[in-house]
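Report on the structure
Each chain is listed here by its residues.
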Amino acid sequence: MAVLHGTMKVKDNGHLLIGGVDVVEVARESEFPVYVLDEELLRKNMREYRKTFEKYYPNSMVHYASKALMTLAMCKIVESEGLGIDVVSGGELYTAIKAGFPMDKVVMHGNNKSVNEIKMGIENGVKIVIDNFYEIELVDKITKELNKSVDVLLRIKPGIHADTHHYVSTGHEDSKFGFIIKEDTAKKAIKQVVEKELINFKGIHMHIGSQIFNVTGYEKSIEIMADFIKELKEENIIVKEFDLGGGLGVIYTQEDDPMSITDFVKLLIEYVKREFEKRELELPKLMVEPGRSIVGEAGTTVYQVGSITEVPGIRKYIAINGGMGDNIRPALYGSKYDAVIANRMNGKEEELVTVAGKCCETGDIILKDIKLNEPKSGDVLAVFTTGAYNYTMASNYNRLPIPGVMLVNNGQKEWIVKPQSYEDILRNDIIPERLK
Ligand SMILES: Cc1ncc(COP(=O)(O)O)c(C=O)c1O
Ligand SMILES: N[C@@H](CCCC[NH3+])C(=O)O
């Protein structure tokens, strides 16, 4: 049986409840899938990050990585839990602005920020994480044009390989993000920044990757960064802020065994204290940017089962009313998930099937070879741990509408993103006069 997350429970009639809401009903009321979001679990994870830092390292800030799941309501929840936000684009920043999110708690990333994105960031007073030499000049120019200063961090690659899928590993030298330490590249960049009139150098940032279980990569990177910070100090450049990025893994299948948020944070703090004290460095303000470990397990996608195609001697395909449009991760990374027949939670999972999406694409497979409880047409399939990088990576491939996001809590259900309609998909289409 798949691991139940957060507030998941089984009702007497065998239906899956999340936040006290019968998700079988939710799925059956909709022609397309629904992303269900467990508010209690989401808040619990945010609080665990914030409280552990408050207890063991008060000079700190947790920025939720909004690329995992960004909506106006998410900004409100993040704000009410006392976290900041990490944005990587004008669109994410615009969402935070429109939600009235406090801009002094926003950091802005991106390896190729546009002039407008940088302007928007500086005008709104967010902290910018500078990624490359080109950007140093752009930021300098824009601060002068606007006559407004900006606080910055520089993204530095520690040069290690995190133990994760190579598509989501970002701390090695051959990565498009940030400056390498080798050949004094990062040092040169920082020296350039320090010289700029309206740019305030605050510190450095690293992010080694995502869905990480083994903390050795963090330990090694913190050691490398501490050496680098020491070198900078010898040249009178003080790193006041140190951002460790995100990356803690979550449970997708029973094979995944991540450590708790508390243990993860405590380890990071232990490594930083140890390596800084060893080098007689003053402890910096510490920051992290978790995305997946906050929202991943809080999300469940509920689908209806439609056609069932048995290929004799090969496999049985169970087709659902969604697929790669609402969850690209299996096709993109070969990601695995756990799922259940949400209207028959009490039975045994004994039939080996493959769950296919409805896109016109052979690779549109959401779950390959999974044991489910005798799936039938009309059943409801709940795929777990879809809170992170599902809605935010969704597409309109085959002109399928992007599903809505429903927040559930204490028996209450509310849309925080309405399901798209066919009209929504057409919104930006234009037929030029000459084609009419
Ligand atoms: C710079 C940066 N910070 C934070 C994150 C969030 O990572 P995760 O969702 O694995 O916590 C990412 C994504 O990998 C990232 O690129
Ligand atoms: N989108 C990726 C994570 C990328 C994180 C952003 N740097 C995933 O679904 O696993």
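Conventions and cut-offs
- Residues numbered from 1 in each chain as written.
- Chains lettered and ligands numbered in written order.
- Predicted model: local features only at pLDDT ≥ 70, side-chain atom pairs only at ≥ 80, totals over all residues.
- Heavy atoms only, no water.
- Near = heavy atom within 4 Å.
- Polar contact = N/O pair within 3.5 Å; in protein donor to acceptor, adjacent residues only side chain to side chain.
- Nonpolar A, V, L, I, M, F, W, Y, C, P; charged D, E, K, R; others polar.
- Pairing = 2+ DSSP bridges.
- Helix = DSSP H or I, 4+ residues; strand = E, 2+ residues; numbered from the N terminus.
- Core = buried A, V, L, I, M, F, W, Y, C linked by side-chain atoms within 4.5 Å.
- Buried < 20%, exposed > 50% of the residue type's maximum accessible area, 1.4 Å probe, protein only.
- Contact = heavy atoms within 4.5 Å.
- UniProt positions renumbered as here; feature names shortened; annotations may be inferred.
- Arc of directions from axis to C-beta.
- Areas by Shrake-Rupley, 256 points an atom, 1.4 Å probe, with all protein chains shown as cover.

1. Quick look at the site of ligand 1
- Near ligand 1, the surroundings consist of 15 residues, among which H207, S210, E289, R292 and Y389 are the closest.
- Within the side chain of D86, one N or O atom sits 3.5 Å away from a nitrogen atom of ligand 1.
- The separation between a nitrogen atom of ligand 1 and a polar side-chain atom of E289 is 2.6 Å.
- Residue classes in the shell around ligand 1 are distributed as three nonpolar, seven polar and five charged.

2. Regarding the sheet that holds strand β1 (residues 9-10)
- Ordered in space as β1-β2-β3, the three strands form an open sheet in which the pairing is antiparallel. A strand with exactly one partner marks an edge of an open sheet, and here the two such strands are β1 and β3 (21-22).
- Relative to β3, strand β2 (residues 16-18) runs antiparallel, the two sharing two bridges. Across the sheet, L17 pairs through a bridge with D22, a residue of β3.

3. What to know about the nonpolar core
- Among the nonpolar cores identified, the biggest contains 89 residues, and L37, L154, I204, F242 and V295 are the most heavily contacted of them.
- Those residues in contact with V295 that sit more than four places away from it in its chain are L37, L42, Y64, A68, L69, M74, G387 and A388.

4. Some points on the UniProt feature "binding site: substrate" (unreviewed entry) in the chain
- As annotated by UniProt and renumbered to match this structure, "binding site: substrate" (unreviewed entry) occupies R292, R329, Y333, E361 and Y389. Across 98 residues, the annotated set is spatially dispersed, with a maximum C-alpha separation of 27.3 Å.
- Structurally, the position occupied by R292 is in helix α10 (residues 292-295).
- Since its relative accessible area comes to 4%, R292 is described here as buried.

5. Observations concerning helix α3 (residues 72-80)
- Listing the buried residues of α3 in full gives M74, C75, I77 and V78. Along α3, the residues classed as buried sweep out an arc of 165° about the axis, all on the same side.
- Put simply, T71 is the residue that caps the front of α3, since its side-chain oxygen is 3.3 Å from the backbone nitrogen of A73.
- Just downstream of α3 lies G82, where phi reads positive at about 80°.

6. Describing unusual backbone geometry
- Even without being a glycine, N147 presents a positive backbone phi close to 50°.
- In this structure, N147 sits in the loop between α6 (133-146) and β9 (150-157).
- Residue E183 is not a glycine yet carries a positive backbone phi of 50°.
- Along the chain, E183 turns up in the loop between β10 (179-180) and α7 (185-195).

7. What about the site of ligand 2?
- The local shell around ligand 2 holds seven residues, among which R292, R329, Y333, Y389 and M393 are the closest.
- The separation between an oxygen atom of ligand 2 and a polar side-chain atom of R292 is 2.7 Å.
- R329 has a polar side-chain atom sitting 2.5 Å from an oxygen atom of ligand 2.
- Taken by itself ligand 2 offers 310 Å² of open surface, and the protein chains cover 83% of this.
- In the shell around ligand 2, the residues fall into four nonpolar, no polar and three charged.

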